[in-house]
Amino acid sequence: MEAVNATEALVMAMEALRVNRLRSVLTMLGVIIGVLAVVILVAIGTGAKDEIERQISGLGTNIILVVPGRISLGAAPTQSKLGLADVAYVRRVVGDPSKVTVSLQSGETVRVGRTEVFVTVIGTDQNLVNIFERPVGKGRPLSETDVDTRRRVAVLGSEVADRLFGDLDPIGRQVTVAGARFRVVGVYATVGQTFGLSRDQEIHIPVTTAQRLLGIERINGLAVGASGPDEIDPLSDRVTAALRDRYPGEQFSAVTQTALLGTIGSVLGMLTGVLAAIAGISLLVGGVGVSNIMLVSVRERTREIGLRKALGARQRDILAQFLIEAVLLTTIGGLVGILLGVGGALAIEAFTEVPASITWWSIALAFGVSAAVGVFFGVAPARRAGRLDPVIALRAE
Amino acid sequence: MTAPAIEAVDLTRRYQLDGVAVEALRGVSLRIDQGEFTAIVGPSGSGKSTLMHLLGCLDRPSSGVLRINGVDIARLSDAALAELRNRTIGFVFQSFHLLARTTALDNVALPLVYRGLGRAERRARARAALESVGLGHRMDHRPSQMSGGEQQRVAIARALVGEPKVLLADEPTGNLDTANGAEVMAILDRLNAGGGVAVVLVTHEAEVAAHARRQVHVRDGLIERIHLRDGLAEDGAS
Ligand SMILES: Nc1ncnc2c1ncn2[C@@H]1O[C@H](COP(=O)(O)OP(=O)(O)OP(=O)(O)O)[C@@H](O)[C@H]1O
Ligand SMILES: [Mg+2]
C-alpha cells in the first residue's frame, strides 16, 4: 500500500493544530520563549564582544603597552618602579625615540571659575598623539619643549572642554588642575569610549609637570608603537627583556591589542555560550511542555486513532501524524520565536545602550534545536498513539 | 464455488479483567461467503461485537484461525493488516464514529487517504459514494449538522468508498428510529443484491435480522444455531 502523501500529512497536522488553536498557541509559547531567549541573549553576548573589540581597535594600531608586573585576569596591579630614566633607556632599545610615549595617570578635580569637573589627568609627552592616533581638533598637541621645560600647559578632551568652557574658545584660557593653574593649548577631537571610560574626559599635561604636581617620581607605564603587525611580537619581547636586564628579578608585561582581543574575545565567547546554554534549557522546558500536551492529545483522540486504524491506517501513519504535529508545533514556535527574537534584538540595539548583534548561527541553531525538540519529545506520544489497539481505542469513551 | 471471503475456525477471545479471565468467545467457527447476507443475533453480552471485531481484524483472537481471502491473518504484519482493513473490509459502527470537525465528504474520503490516492480522485469517489446513499446534498455538512440517520449513511458511504468485499455492521440501526433504520437497511439490501458485497450485521431487532438470508444465533460466546431464511437449519457446531 502507498504511504500517505507528505503534503497530505502536513495538511492533516495543520488542521489538527488549528482545531485546538488556543492549546496549540499555549504549547508553542514555551518554545517561542526559549528560542526568543536564545536569539536575544546570543545577540547581546555577541554585541558586547563586537563592541569591546571595536573599542580596543579604536585605541590605535600596533601599540604595545609596557607595564611593570605580570598581567593576568584578576591580579592586582603591581606597584610601579619605572621612572623617566627607564623611558630614555627603552627609547635607546627601540632605536626610534618618537615611537615611545609615557603615561602617568591620576583622577583630579579641574576648575574654571566656579565650574568644577572630575577628570583623568594624564601626564604624557609629544609622542602620544602619533602613537595613539589621537587627532587634535583645535590648537596644538603637547610639544617636546613643554615636556623638557615642565610647562604648565594642558590639552583637553572634547567633553572636558565643553563642560568647562561651553561655547567659549578654550585656547589660551586658564584651568586649575589640582590647585595649580594651567594654560589650555589644545583640544582633542572627539574619540569616544573604551571600556566604559570616555577618553573625551581626559586632560593631558606634560609628564614632567605631572610628576611635580602629584609629587611622584614614577610613571604608570609606557607605550611603544610598532611599525607593523609583524613587528609587534619581536619588539615587545625585546623591550621586556631589556627591562628585565635592567631590573633583575622583576617582571614586566607587554600588552598588545592582539593579546587583549584574544583574552577578552575568549572570555566573552564563553559568556555568550553560557547565555545560550541557559536559553537552551528554557527551550528544553518548552519541549517537555510539547511532550505533555501531545500525550494529552493522544489520550483525547483515542477514538479517532482507533477509527483511523479501522479504516486502514498503519502504525506508522498514526505515528507520523502525531510526530508531524509535534514537530510542527515546535518549528512554528521556533519561527515565531526567531521573528520576535530578531525584532527584540533590533529594538534593543536601536533603543538602549546595550549592544546587540544578531548572529546567523544562533538563528540556525535555535531553529534546528526546536525542530529536534519536536522530534525528541514527540516520539514517545506518537509511538503510544501508533501502538493503540483499534478495538480498545474504539470502545474507549 | 469461490473461496470464502472470511473463514473463522474455533475462535476464542479471552479478556483479563482484574486478574479474572472473561471468555467472550469460546470456540466459534463461521464462514462468510462472497456476496452473502448474514445477521448475527443474540442476547446482550453474548459476544456478538467481539466476534465482529475479530472478523474485521480490529482485534486478534486468543486462539483459533481466521482466514481472510484464504490468508491466515495470524502471520500478517501491522501494515498488511491495515491494508486488509482498508481494501477488503468496510466497518459500520452503532455510534457512527465520524470525525466531528470534518465534512461528510472528507469523512467518506478518509479511508482513501490511507490508500495513498490523490485528493481529486478521493473527492470524486467520496462524492459518488455519498450520492449512492442519497446524501449528494450533504457533502459539506459536518456530523453535528446532520440527523442520526444521515450520519449513519455517511458512515456507510465511508465503508463503501473503498469497494470492500465484506461490509461488517455492528447494530447499524441501533441508534436510529424506525424510518431511518428502514432506509439504512434498504441501502444495505441494495449493496448486497446489486453490488455483490457480503454483508454481516449484528442486530437485536427481528425485522432487521429478517433482511438476512442467514441468521447466526450467539449465546454465551458460542454459536447456538444457524437459521436460514429458506427454512433449512445448518448445524451450528460444525
Ligand atoms: N475490553 C474488554 N475487557 C473485558 N471484558 C470485555 C471487553 N470487551 C468485552 N468484554 C466482555 O465480553 C463479553 C462479550 O462482549 P460483547 O461486547 O462482545 O457483547 P455483545 O454481544 O456485543 O453485547 P451487546 O449486545 O450488549 O452489544 C461481555 O461479557 C463483555 O463484558
Ligand atoms: Mg455489542
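Residues numbered from 1 in each chain as written. Chains lettered and ligands numbered in written order. Predicted model: local features only at pLDDT ≥ 70, side-chain atom pairs only at ≥ 80, totals over all residues. Heavy atoms only, no water.

Going by an unreviewed UniProt entry, chain B carries the name Putative ABC transport system ATP-binding protein and comes from Nonomuraea fuscirosea.

An unreviewed UniProt entry lists chain A under the name Putative ABC transport system permease protein, with Nonomuraea fuscirosea as the source organism. The Sequence similarities (unreviewed entry) comment attached to chain A in UniProt states, word for word, "Belongs to the ABC-4 integral membrane protein family." (UniProt positions renumbered as here; feature names shortened; annotations may be inferred.)

Enquirer: Explain the overall build of chain A to me, please; I cannot follow it from the model alone.
Expert: Counting secondary structure elements, chain A contains 13 helices and 12 strands. Over its C-alpha atoms chain A spans a radius of gyration of 33 Å, topping by over 25% the 21 Å that the globule rule assigns to 397 residues. In terms of overall dimensions, chain A has C-alpha extents of about 105 × 50 × 30 Å along its principal axes. Here chain A holds 397 residues, and 47% of them are scored as buried. Considering only contacts within chain A whose residues lie at least 6 apart along the sequence, 79% involve residues at least 24 apart. Carbon and sulfur atoms make up 59% of the accessible area of chain A, which amounts to about 19200 Å² in all. Put simply, chain A has 39 plus and 36 minus side-chain charges, and the middle of one group is 5 Å from the middle of the other. (Helix = DSSP H or I, 4+ residues; strand = E, 2+ residues; numbered from the N terminus. Rg over C-alpha atoms; globule rule 2.2 N^0.38 Å. Buried < 20%, exposed > 50% of the residue type's maximum accessible area, 1.4 Å probe, protein only. Contact = heavy atoms within 4.5 Å. Areas by Shrake-Rupley, 256 points an atom, 1.4 Å probe, with all protein chains shown as cover. Lys, Arg positive; Asp, Glu negative; His and termini not counted. Charge placed at Lys NZ, Arg CZ, Asp CG, Glu CD.)

Enquirer: Just checking my understanding: could you explain the overall build of chain B for this structure?
Expert: Summing up its helical and strand segments, chain B has 7 helices and 11 strands in all. Computed over the C-alpha atoms, the radius of gyration of chain B is 18 Å, within 12% of the 18 Å expected from 2.2 N^0.38 for a compact globule of 238 residues. Per-residue burial for chain B yields a buried fraction of 53% across its 238 residues. Sequence separation of 24 or more characterises 68% of the internal contacts of chain B that already satisfy a separation of 6 or more.

Enquirer: Any chance you could explain the domain arrangement of chain A here in plain terms?
Expert: Each assigned domain of chain A is listed with its residue range as follows: domain 1 (6–55 + 262–395) and domain 2 (79–250). Computed over C-alpha atoms, the centres of domain 1 of chain A and domain 2 of chain A are 55 Å apart. (Domains from an automatic or database assignment.)

Enquirer: What is the right way to read the UniProt feature "transmembrane region" (unreviewed entry) in chain A from this model?
Expert: Residue and element names in this part refer to chain A. Residues given the UniProt feature "transmembrane region" (unreviewed entry) here are residues 24–44, 277–298, 319–348 and 360–380. Segment residues 24–44 splits into 100% helix and 0% strand. End C-alpha atoms: 30 Å apart. The span residues 360–380 shows a helical share of 100% and a strand share of 0%, and its end C-alpha atoms are spaced 31 Å apart.

Enquirer: Before we go on, may I ask you to explain the confidence of the model for chain B in this structure?
Expert: Interpretation of the predicted coordinates at a detailed level should be avoided for regions scoring low in pLDDT. Scored by pLDDT, chain B has a mean of 92; 96% of the residues are at 70 or more. Our summary of model confidence lists the complex with pTM equal to 0.74 and ipTM equal to 0.93. (pLDDT = per-residue confidence, 0-100.)

Enquirer: What should I look at first to understand the site of ligand 1 in this one?
Expert: Within the structure, ligand 1 sits among 14 residues, and A:Arg395, B:Ser44, B:Lys48, B:Ser49 and B:Thr50 are positioned closest to it. Near ligand 1, the surrounding residues are drawn from chains A and B. Here a nitrogen atom of ligand 1 sits 2.7 Å away from a polar atom, N or O, in the side chain of A:Arg395. B:Ser49 places a side-chain nitrogen or oxygen 2.7 Å from an oxygen atom of ligand 1. (Near = heavy atom within 4 Å. Polar contact = N/O pair within 3.5 Å; in protein donor to acceptor, adjacent residues only side chain to side chain.)

Enquirer: So what exactly am I meant to see when it comes to the side chain of B:Asp59 here?
Expert: Looking at the secondary structure, you find B:Asp59 in the loop between α1 (48–55) and β4 (63–68). Side-chain polar atoms of B:Asp59 contact the side chain of B:Arg13, separated by 2.8 Å.

Enquirer: For this particular structure, what's the right way to read the sheet that holds β4(B)?
Expert: Sheet strands associate in pairs through backbone hydrogen bonding, adopting either a parallel or an antiparallel arrangement. Residues and elements named next belong to chain B. Here 4 strands make up an open sheet; going across it, the order is β2-β1-β4-β5 and the pairing antiparallel. Each end of this open sheet is capped by a strand with a single partner; those strands are β2 (20–32) and β5 (71–72). Pairing of strand β1 (residues 6–17) with β2 involves 10 bridges; the strand directions are antiparallel. Note that in β2 the partner of tyrosine 15 across the bridge is valine 22. (Pairing = 2+ DSSP bridges.)

Enquirer: I would appreciate a short explanation of the environment of A:Ile264 in the present structure.
Expert: Relative to the helices and strands, A:Ile264 is located in helix α9 (residues 257–300). Classification of A:Ile264 as partly exposed rests on a relative accessible area of 22%.

Enquirer: How do you make sense of the UniProt feature "domain: ABC3 transporter permease C-terminal" (unreviewed entry) in chain A when you look at a structure like this?
Expert: The UniProt entry lists residues 277–390 of chain A under the feature "domain: ABC3 transporter permease C-terminal" (unreviewed entry), expressed in the numbering used here. With 87% helix and 0% strand, residues 277–390 of chain A has end C-alpha atoms that lie 43 Å from one another.

Enquirer: In this structure, what is going on with the packing of helix α11 (residues 315–351) of chain A against helix α12 (residues 360–387) of chain A? I would like to understand it.
Expert: Any two packed helices are characterised by the angle at which their axes cross and by the distance between the axes. All names here are of chain A. Relative orientation of the contacting elements α11 and α12 amounts to 155°, with a least axis distance of 7 Å. On the basis of their axis angle, the class for α11 and α12 is roughly antiparallel. Between α11 and α12 the crossing geometry is right-handed. Across the contact of α11 with α12, the residue classes tally to 17 nonpolar, 8 polar and 2 charged. (Axes fitted to C-alpha atoms, helices over the stretch in contact; angles between N-to-C directions. Parallel < 35°, antiparallel > 145°, perpendicular 65-115°, else oblique. Left-handed = near helix turned anticlockwise from the far one by under 90°. Nonpolar A, V, L, I, M, F, W, Y, C, P; charged D, E, K, R; others polar.)

Enquirer: Would you mind showing me how to read the interface of chain B and chain A here?
Expert: Where interface size is quoted, it is often the accessible area lost as the parts come together. Taken residue by residue, the interface counts 24 residues in chain B and 25 residues in chain A. Carbon and sulfur atoms supply 62% of the area buried between chain B and chain A, which totals about 2400 Å² over both sides. Where chain B meets chain A, there are 1 salt bridge. Between B:Arg122 and A:Glu8 there is a salt bridge, with its nearest N and O atoms 2.7 Å apart. Between the two partners, chain B and chain A, sit 5 residue pairs in polar contact (both at pLDDT 80 or more). (Buried area = accessible area lost by both parts, 1.4 Å probe. Salt bridge = Lys/Arg side-chain N within 4 Å of Asp/Glu carboxyl O.)

Enquirer: What exactly am I supposed to notice about the packing of helix α3 (residues 104–113) of chain B against helix α4 (residues 119–132) of chain B here?
Expert: Residue and element names in this part refer to chain B. The geometry of α3 relative to α4 is characterised by a closest axis approach of 8 Å and an angle of 120° between their N-to-C directions. Compared by their axis directions, α3 and α4 come out oblique. As for how α3 packs across α4, the hand of that crossing is right-handed. Contacts from Ala104, Leu105, Asp106, Val108, Ala109, Leu112 and Val113 of α3 reach α4 at Arg122, Arg123, Arg125, Ala126, Arg127, Ala129 and Leu130.

Enquirer: Can you walk me through the environment of A:Thr115 in this structure?
Expert: Residue and element names in this part refer to chain A. Position of threonine 115 relative to the elements: it lies in strand β3 (residues 115–124). Considering only alpha carbons, one finds threonine 115 and leucine 164, 49 residues apart in sequence, at a separation of 6.3 Å. With residues up to four places along the chain from it excluded, the contact list for threonine 115 reads Val110, Arg163 and Leu164.

Enquirer: Would you mind showing me how to read the packing of aromatic side chains here?
Expert: We describe a pair of aromatic rings using the distance from one ring centre to the other and the angle between the two ring planes. By the definition in use, this model includes 3 aromatic pairs over all chains. Geometrically, the ring pair formed by B:Phe91 and B:Phe93 is stacked, given 5.0 Å between the ring centres and 15° between the ring planes. Of the two residues, B:Phe91 and B:Phe93, neither departs from the other in class, the shared state being buried. Between the NZ or CZ atom of A:Arg134 and the centre of the ring of A:Tyr188, over which it lies, the distance is 4.4 Å. (Phe/Tyr/Trp six-rings, centres within 6.5 Å; stacked < 30°, edge-to-face > 60°. Lys NZ or Arg CZ within 6 Å of the ring centre and 35° of its normal.)

Enquirer: How should I be thinking about the pattern of salt bridges in this particular structure?
Expert: One pass over the structure, following the stated rule, counts 24 salt bridges over all chains. A:Asp146 is the salt-bridge partner of A:Arg151, the closest N and O atoms lying 2.7 Å from each other. By relative accessible area, A:Asp146 is classed as buried at 0%. The salt bridge involving B:Glu36 is made with B:Arg213; its shortest N-O contact spans 3.5 Å. Separated by 177 residues along the polypeptide, B:Glu36 in the loop between β2 and β3 (37–41) and B:Arg213 in the loop between α7 (206–209) and β9 (214–219) bring together distant segments of the chain. By relative accessible area, which is 7% here, B:Glu36 ends up buried. Look at B:Arg213 and you get partly exposed, because its relative accessible area is 34%.

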